[in-house]
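These are the residues of each chain, in order.
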Amino acid sequence: MSAQTQNSKPTREAPASEKVGRSKRVKDIWNVLQSVTDPEIPVISVVEMGMIADVRIDGDRAVVDLTPTFAGCPAIDLIRREIREAVLSTRERDVIVNVVYDPPWSTDRISDVGRKKLTEFGLAPPRDCCVNGVDTLEKVECPFCKSTETDLESIFGPTLCRSIHYCRACLQSFEHFKSV
Amino acid sequence: MDKIETLDALTGATREAVVHLLYRMADDELIIGHRNSEWTGHAPILEADIAFSSMAQDEMGHAQAYYEILHALGERDPDTLAFGRKPREYRCASLVCLPKGDWGFSLIRQFLYDAAEQVRLTALAESSLVPLAQLTTKLRGEEKYHMMHGRTWVLRLGNATTESHAKMQAALDRAYPHALGLFEPTEFDETLAQAGVCTREEELQKQWESAVAPVLDDAGLEVPDSARPVFGGRVGKHPPELAELLNQMQMVYSIDPAAKW
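Below you will find a few notes about this structure. (Residues numbered from 1 in each chain as written. Chains lettered and ligands numbered in written order. Predicted model: local features only at pLDDT ≥ 70, side-chain atom pairs only at ≥ 80, totals over all residues. Heavy atoms only, no water.)

1. Some details on the nonpolar core
In terms of nonpolar packing, the biggest core is built from 124 residues, with Leu33 and Ile83 of chain A together with Leu112, Val197 and Trp208 of chain B touching the most fellow members. The greatest single-element share of this core, amounting to 13 residues, is contributed by helix 5 (residues 103-124) of chain B. A domain-level breakdown of this core finds at least three residues from each of domain 1 (12-105) and domain 2 (116-177) of chain A. Those residues in contact with Ile83 of chain A, other than ones at most four positions away along the chain, are Leu33, Val36, Ile52, Val64, Leu66 and Val97 of chain A. In terms of nonpolar packing, the next biggest core, distinct from the first, is built from 5 residues, Val140, Cys142, Cys167 and Phe174 of chain A among them. (Core = buried A, V, L, I, M, F, W, Y, C linked by side-chain atoms within 4.5 Å. Buried < 20%, exposed > 50% of the residue type's maximum accessible area, 1.4 Å probe, protein only. Helix = DSSP H or I, 4+ residues; strand = E, 2+ residues; numbered from the N terminus. Domains from an automatic or database assignment. Contact = heavy atoms within 4.5 Å.)

2. So, helix 2 (residues 76-88) of chain A
All names here are of chain A. For helix 2, built from 13 residues, the straight-helix expectation of 18 Å at 1.5 Å per residue is met to within 8% by its first-to-last C-alpha distance of 18 Å. Along helix 2, the residues classified as buried are Ile76, Ile79, Ile83, Ala86 and Val87. Projected down its long axis, helix 2 carries its buried residues within an arc of 95°, all on one side. For helix 2, the exposed residues set more than 90 degrees away from the buried face come down to Asp77 and Glu85. Contacts made by the buried residues of helix 2 are with helix 1 (22-33), strand 3 (52-58), strand 4 (61-66) and strand 5 (95-99). (Expected span 1.5 Å × (residues − 1). Arc of directions from axis to C-beta.)

3. A short note on the environment of Asp2 of chain B
All names here are of chain B. Tracing the backbone shows Asp2 in the segment before helix 1 (12-37). Relative accessible area serves as the criterion here: at 67%, Asp2 is assigned to the exposed category. Once the C-alpha coordinates of Asp2 and Asp189 are considered, the two residues, 187 residues apart in sequence, prove to be 18 Å apart.

These figures come from the coordinates and say nothing about function on their own.
The structure is reproduced here in C-alpha cells:
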C-alpha cells in the first residue's frame with residue numbers, strides 16, 4: 001500500500017507500528033482518545049461519551065468507528081479531525097475515522113465517570129434512554145444542590161442535546177443532558 | 001424477507017425505488033428545516049425560538065445523512081443535492097413548501113409532519129435495507145423531543161382561549177390536506193414493499209391518522225372531513241413558494257458553487 005510496508009530500503013528504520021503488537025496499538029489508541037473531548041462539553045472525552053464504537057488495526061492502518069450523538073451535530077467533522085490528529089500523534093501513521101450508526105449512540109453509552117464529570121460541569125446527566133413521554137424531563141435532579149424540586153423550562157436548549165430546567169430549592173437555572 | 005446488508009447489494013428496480021424514497025425523505029427534511037429556521041430570531045418567546053431553531057438543526061442533519069446515503073448510491077454530493085438543484089428536481093411534499101405563516105400554523109405543520117416522520121421512521125427501523133434501518137433507528141430517538149414539543153403546544157393552544165383555538169383550527173384546516181400529501185402514492189411503493197424496504201404509503205397514512213387524531217381531539221380541534229390530499233410533490237410539481245424558498249436558500253451557493261468554505 002505505502003512505502004512503509006515494503007522492505008525495499010532496509011537501511012531505513014521500520015515504522016514503530018511494526019514493532020508492537022496489535023493489542024498494544026489498539027490499547028494506546030483508546031488511551032490517546034481520552035484526550036479528545038466533545039467541543040460543546042469540554043470536560044468529557046469522546047470515550048467517556050460512548051462515541052467510540054470500535055478501534056481496530058486493519059493491515060497497517062488504524063480504524064476508529066465513531067457513532068455520533070446527534071445526526072445533526074455540527075461538531076462531528078471537528079471531532080473526526082481531532083480524533084485523526086490524536087491517533088497520528090501516537091506511533092500510528094495512517095488512520096481512518098468512520099461515522100457509523102451501528103451501534104446507535106444513546107445516552108446509555110455515557111460511562112459512569114462521564115456522568116460524574118457532566119454533573120461537576122453543572123449539567124444534569126441523562127436518565128434511562130428507554131423512558132418516553134414528557135415526564136422523562138420532569139423532576140430532574142439539580143446538579144448544584146441535588147434537589148428534585150425542579151421544573152422543566154424548555155425541552156430545547158443551547159445545544160441539541162440539552163434541555164433547560166429551574167431549581168426551586170437553590171433558585172438556579174440549569175441544563176440537563178436529554179436522554180436519547 | 002431477505003436482508004439487504006449493504007448499499008452495494010442494491011440493484012435494479014429496488015435500487016431505483018430506494019433512491020426515490022431517500023430523495024423524498026431528504027427533501028422533506030431539508031425544506032421543513034429551512035422553514036423552521038425562519039423562526040430563528042423571530043419566534044414569540046425565546047424558548048419558542050430555540051425550539052424551532054433546534055428542530056431545524058435536527059431536520060437538516062437528517063437531510064444530510066440521507067443525502068450522504070444517496071451520494072454513496074452514486075448521486076451527486078450532499079451540498080450539490082441540497083443547493084444545486086432546480087425546484088422540479090425536488091421530491092418534497094407541498095406541506096413543507098408552504099410559508100411559515102403564523103406561529104400556530106408552523107406548530108400545527110410541525111406536529112403533523114413529526115407524527116408522519118415518526119410513523120415512517122418506525123417502519124424503516126425494521127427495513128430489510130440494513131444501513132437505512134440503522135440510521136433511522138438512530139434518528140427516531142432524536143424525534144421524540146419534537147413530538148413532546150408539538151403535542152404540548154397543540155394541546156395548550158387548542159384549549160387556551162377562543163382566539164388561540166380559532167387560530168389553531170384555521171391552521172389545521174389549511175395544513176391537513178397538504179399533510180395527507182406526505183403519503184402521496186408513488187410508482188415505487190410496490191417495489192419498496194415487496195423488497196421489505198418500506199411500508200406502503202397508504203398503510204403509513206392509516207397509522208399516522210391514528211396517531212394524530214387523539215391529540216387533535218384532546219385539543220378540541222376537528223380534522224376537516226372533506227380534506228382532499230394535495231399531491232404532486234413526489235413527482236416534482238410544487239407550489240410556487242418552493243421556487244421562492246430555493247431562490248433565497250441557494251443565493252449564496254449559486255454565486256460560486258465551487259467555493260471552499
